[in-house]
Amino acid sequence: IRLDDPQPDAAFLRLLAERGAGVRNGPDGLRVDPARIPDVGGAYDSMPDAVPAAAVLAILGGVPAVLTGVARLREKESDRLAALREELERVGARVEAGADALRIVPAAPLRPAVLRCRGDHRMAMVFGALAAARGGGLRVEGADAVAKSDPRYFARLSAFLGEEAVSAAVRG
């Protein structure tokens, strides 16, 4: 994916870049500076699949966020709003899932927890990234759900976060 791609996932990346996240095109794909996570709050009507990633970025960045236009997430492979609320609360965040909004107040430090993917590939991806990035007691149950859309996801994530961190997060 590139920043100029018309698909909704690229729109989310452009939003992050506009807010100073250090997202840029590189010779072999996008580069993201993980040290610069901005406020991810805003309207997600046109990019609902980005909501799980935005929620996890709010947790990693320690920045409260309100995501709106999220009602469709209740009708995906799982009820993603319920999944995000329940699993992020496990790590200590305060999360409210309304009819069409998700409010997230991150916790610091995160509590150790097992994050359940509910058979949903997007939940497996974002919870895997959260657990690998934070380590220290976060594990993912059902990480194999990534096979639906990207069987090599965790191998590619290992290139950024390290094999040991990813393996500990998704294999326990």
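Everything in this summary refers to the structure shown in the same document.

This brings us to the pairing of strand E8 (residues 138-141). For a regular strand, side chains alternate in direction, first toward one face of the sheet and then toward the other. Of the two faces of E8, only the one carrying Leu-138 and Val-140 is buried; Arg-139 and Glu-141 on the other face are not. Pairing of strand E7 (residues 113-116) with E8, which is carried by four bridges, proceeds in the parallel orientation. The residue of E8 that forms the bridge with Arg-116 is Glu-141. Between the parallel elements E7 and E8, the chain passes through helix H4 (residues 121-134) in a crossover that is right-handed.

Attention now goes to helix H1 (residues 8-18). Among the residues making up H1, those that are buried are Ala-10, Phe-12, Leu-13, Leu-15 and Leu-16. Residue Gly-20 follows H1 closely and has a positive phi angle near 90°.

With respect to the helices and strands, the residue Glu-87 is situated in helix H3 (residues 80-90). The contacts of Glu-87, once residues within four sequence positions are left out, are Val-114, Leu-115, Arg-116, Arg-118 and Phe-127.

Tyr-44 and Leu-67 are the most contacted members of the largest nonpolar core, which totals 57 residues. Of all the elements, H4 adds the most residues to this core, at nine residues. Apart from the residues within four sequence positions on either side, Tyr-44 is in contact with Phe-12, Leu-15, Ala-50, Val-51, Ala-54, Leu-67, Thr-68, Gly-69 and Val-70.

Basis of the calculations
- Residues numbered from 1 in each chain as written.
- Predicted model: local features only at pLDDT ≥ 70, side-chain atom pairs only at ≥ 80, totals over all residues.
- Heavy atoms only, no water.
- Buried < 20%, exposed > 50% of the residue type's maximum accessible area, 1.4 Å probe, protein only.
- Helix = DSSP H or I, 4+ residues; strand = E, 2+ residues; numbered from the N terminus.
- Pairing = 2+ DSSP bridges.
- Right-handed = clockwise from strand over helix to strand, strands pointing away.
- Contact = heavy atoms within 4.5 Å.
- Core = buried A, V, L, I, M, F, W, Y, C linked by side-chain atoms within 4.5 Å.

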